[in-house]
Amino acid sequence: MSFETPDDRRYLESHEWAEERDDVVRVGITDFAQDELGDVVFVELPDEGETVTQEEEFGVIESIKAVSDLYAPVSGEVTVINEALFDAPELVNDAPFGEGWMLEIDPDDPDDLNEILTADDYDDQIA
Amino acid sequence: MPLQTPPLRGIHADRGAKFTEFGGWDMPVEFDSIRSEHEAVRTDVGKFDVSHMGQLHVTGPDATTLMQRLTSNDVTRLDVGASQYSTITNEDGIIIDDTVIYRLPDEDGEATYLFVPNAGTDEATHERWIAHRNEWELDATVDNRTDEYAMVAVQGPNAPALVDDVIDGSVRELDRFEAQYTTIEGVNCWIARTGYTGEDGFELIVPWSEAETIWLTLDCRSCGLGARDTLRIEAGLLLAGQDFDPESNPRTPYEAGIGFTVDLDTEFVGRDALGAIDEAGVEERLVGLTLIDRGVPRHGYDITNTESRVVGTVTSGTMSPTLEKPIGLGYVPVEYADPGTTLQVVVRGQSKKARVEPLPFIETV
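Residues numbered from 1 in each chain as written. Chains lettered and ligands numbered in written order. Predicted model: local features only at pLDDT ≥ 70, side-chain atom pairs only at ≥ 80, totals over all residues.

Student: An account of the overall build of chain B is needed here, citing residue identities and associated values.
Tutor: Each helix and strand counted, chain B has eight helices and 19 strands in total. Taking 21 Å as the expected radius of gyration for a compact globule of 365 residues, we find that chain B reaches 20 Å, a close match to that expectation. In terms of overall dimensions, chain B has a C-alpha envelope of 65 × 50 × 45 Å along the principal axes. Counting over 365 residues, chain B shows a buried share of 50%. Of the contacts formed within chain B by residues at least 6 apart in sequence, a portion of 66% connects residues at least 24 apart. (Helix = DSSP H or I, 4+ residues; strand = E, 2+ residues; numbered from the N terminus. Rg over C-alpha atoms; globule rule 2.2 N^0.38 Å. Buried ≥ 20, exposed ≤ 12 C-beta atoms within 10 Å, placed from the backbone. Contact = placed C-beta atoms within 7 Å.)

Student: So what about the environment of Leu204 of chain B? Which residues, and what values?
Tutor: All names here are of chain B. Within the fold, Leu204 resides in strand S12 (residues 201–207). You can call Leu204 buried: it has 26 C-beta atoms within 10 Å. Sequence separation between Leu204 and Glu283 is 79 residues; the distance between their C-alpha atoms is 39 Å. In this structure Leu204 touches Met151, Val152, Cys189, Trp190, Ile191 and Ile214, once residues within four positions along its chain are discounted.

Student: Give me the lowdown on the sheet that holds strand S15 (residues 302–304) of chain B, citing residues and values where you can.
Tutor: A barrel is described by the order of its strands in space; here six strands give the closed sequence S14-S17-S16-S15-S18-S19 (chain B), paired in antiparallel fashion. Each strand axis lies, on average, 40° off the axis of its neighbour in the sheet, ignoring direction. (Pairing = 2+ DSSP bridges. Axes fitted to C-alpha atoms, helices over the stretch in contact; angles between N-to-C directions.)

Student: So what's going on with the nonpolar core? Residues and values would help.
Tutor: Val27 and Met102 of chain A together with Val58, Val152, Val154, Leu204 and Val206 of chain B are the most contacted members of the largest nonpolar core, which has 126 residues in total. Residues in contact with Val27 of chain A, not counting those within four places in the same chain, are Glu16, Trp17, Ala18, Ala72, Pro73, Trp101, Met102, Leu103 and Ile105 of chain A. (Core = buried A, V, L, I, M, F, W, Y, C linked by C-beta atoms within 7 Å.)

Student: Go over the environment of Leu237 of chain B, please, and point to the residues and values.
Tutor: Residue and element names in this part refer to chain B. Turning to its location among the elements, Leu237 is positioned in the loop between helix H7 (225–234) and helix H8 (271–280). Take Leu237: there are 23 C-beta atoms within 10 Å of it, and that puts it in the buried class. Put simply, Leu237 and Phe361 are 124 residues apart on the chain and 10 Å apart in space, counted from C-alpha to C-alpha. For Leu237, the contacting residues outside a window of four places in its chain are Tyr196 and Arg232.

Student: Talk me through the pairing of strand S18 (residues 342–347) of chain B; I want residue IDs and the actual numbers.
Tutor: Residue and element names in this part refer to chain B. Looking at chain direction, S15 and S18 are connected through two bridges and run antiparallel. The residue bridging Ile303 from the neighbouring strand is Val345, located in S18. In the sheet, S18 pairs with strand S19 (residues 350–357) via six bridges, with the strands oriented antiparallel. Counted as the bridge partner of Val347 is Gln350 from S19. In textbook terms, the turn of a hairpin is the stretch between consecutive antiparallel strands, and for S18 and S19 this stretch comprises two residues, one of which, Arg348, has a positive phi near 50°.

Shown next as structure tokens:
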């Protein structure tokens, strides 16, 4: 089975993606990750205004069969969370790179993104 | 220790299954999605490879005595083609395992039984039977046939129609917990109207080498152990090693809500202890829980009262695909066991409001 890995984003080994959008970085989990988890039933996210630290936990995602921590691709302040996931966590399965995004971070240092995996690196990891 | 592989491992892999270790077996946990497999069983029909379940065969002049003295229910009530849910208890009345016992047609004029212990327990159970047979000087043959038989469950409201189409004869007359020999595509199998989902359906015990024919002939959705787990939790059915465990979670059948498997008028290992408990009453009981707050109860999470004092532990939990609510099973003191009682489940350090619910969570057959 092959998974989509858009090359306009950066990745963590723990399967989160990070997309630079103007002044913020949008974060979600990859297609591979949602497939591994199976039906997502619950997402726990930080409040807006909280700070997160690169490669540290920022939340939890649960599928029917598994509980998994979520890790921040960059350090910074959470500017917005995707509240749609509270009522429709299945969006993570349906559109992991789109409507299933989780939060946006105002990064302390935009260079954080250059320290994490490229799409090619990530593809090699999940191959 | 290498994992045991079910005879259908290759077919499942080709079908795109994900696998998990369960009771020492490498079993399919999910084919497409747990949710869609679950829904197929609740509304239509689905099939499960449950070849990890054990099969022990007992026959001989003292077969009935041996079965009677090692299981809690009354096997003398079983006519040929009947089956019963039962437990195997120790001297203290603690459940070692739960099982379904089938009375097969007599062999060489002697009563003959096939019973199904849980995955990974067949060898210990076989040893237990042999040891007691020798100790009690009974004349019975006990064979572990786990590696000779595959087991396939076909479950759901449309299971009778599907199975009726492919077997020689009809299953319409088969009542709940009745069983018989039949043939499907020329393959001899033992078919029983039993299951572990809360739905109507059948379990088929078939020769290992013929499992593929049976599996492919039953043309319906392939379901994994993931859906089997969500279905059985909704139906309030216990999972050995999780909802009870002689080491980590010792429970009597009364605590576990399966007192109906205990017949105190029979003589069996654990009978005296259970008689005393039956008289005195239990201190804790298995209950159903739904979370009112957002979150999912999981095995091992604390249950607290409204003053946040720990009163119990969640033994099984999931997001119910049918009810679209977080549900769980767990043991609490009897004063908290009445449906409607407000409790809390501690999810990652946070107390989530929960309510005691009657079991099963859904309507079952």
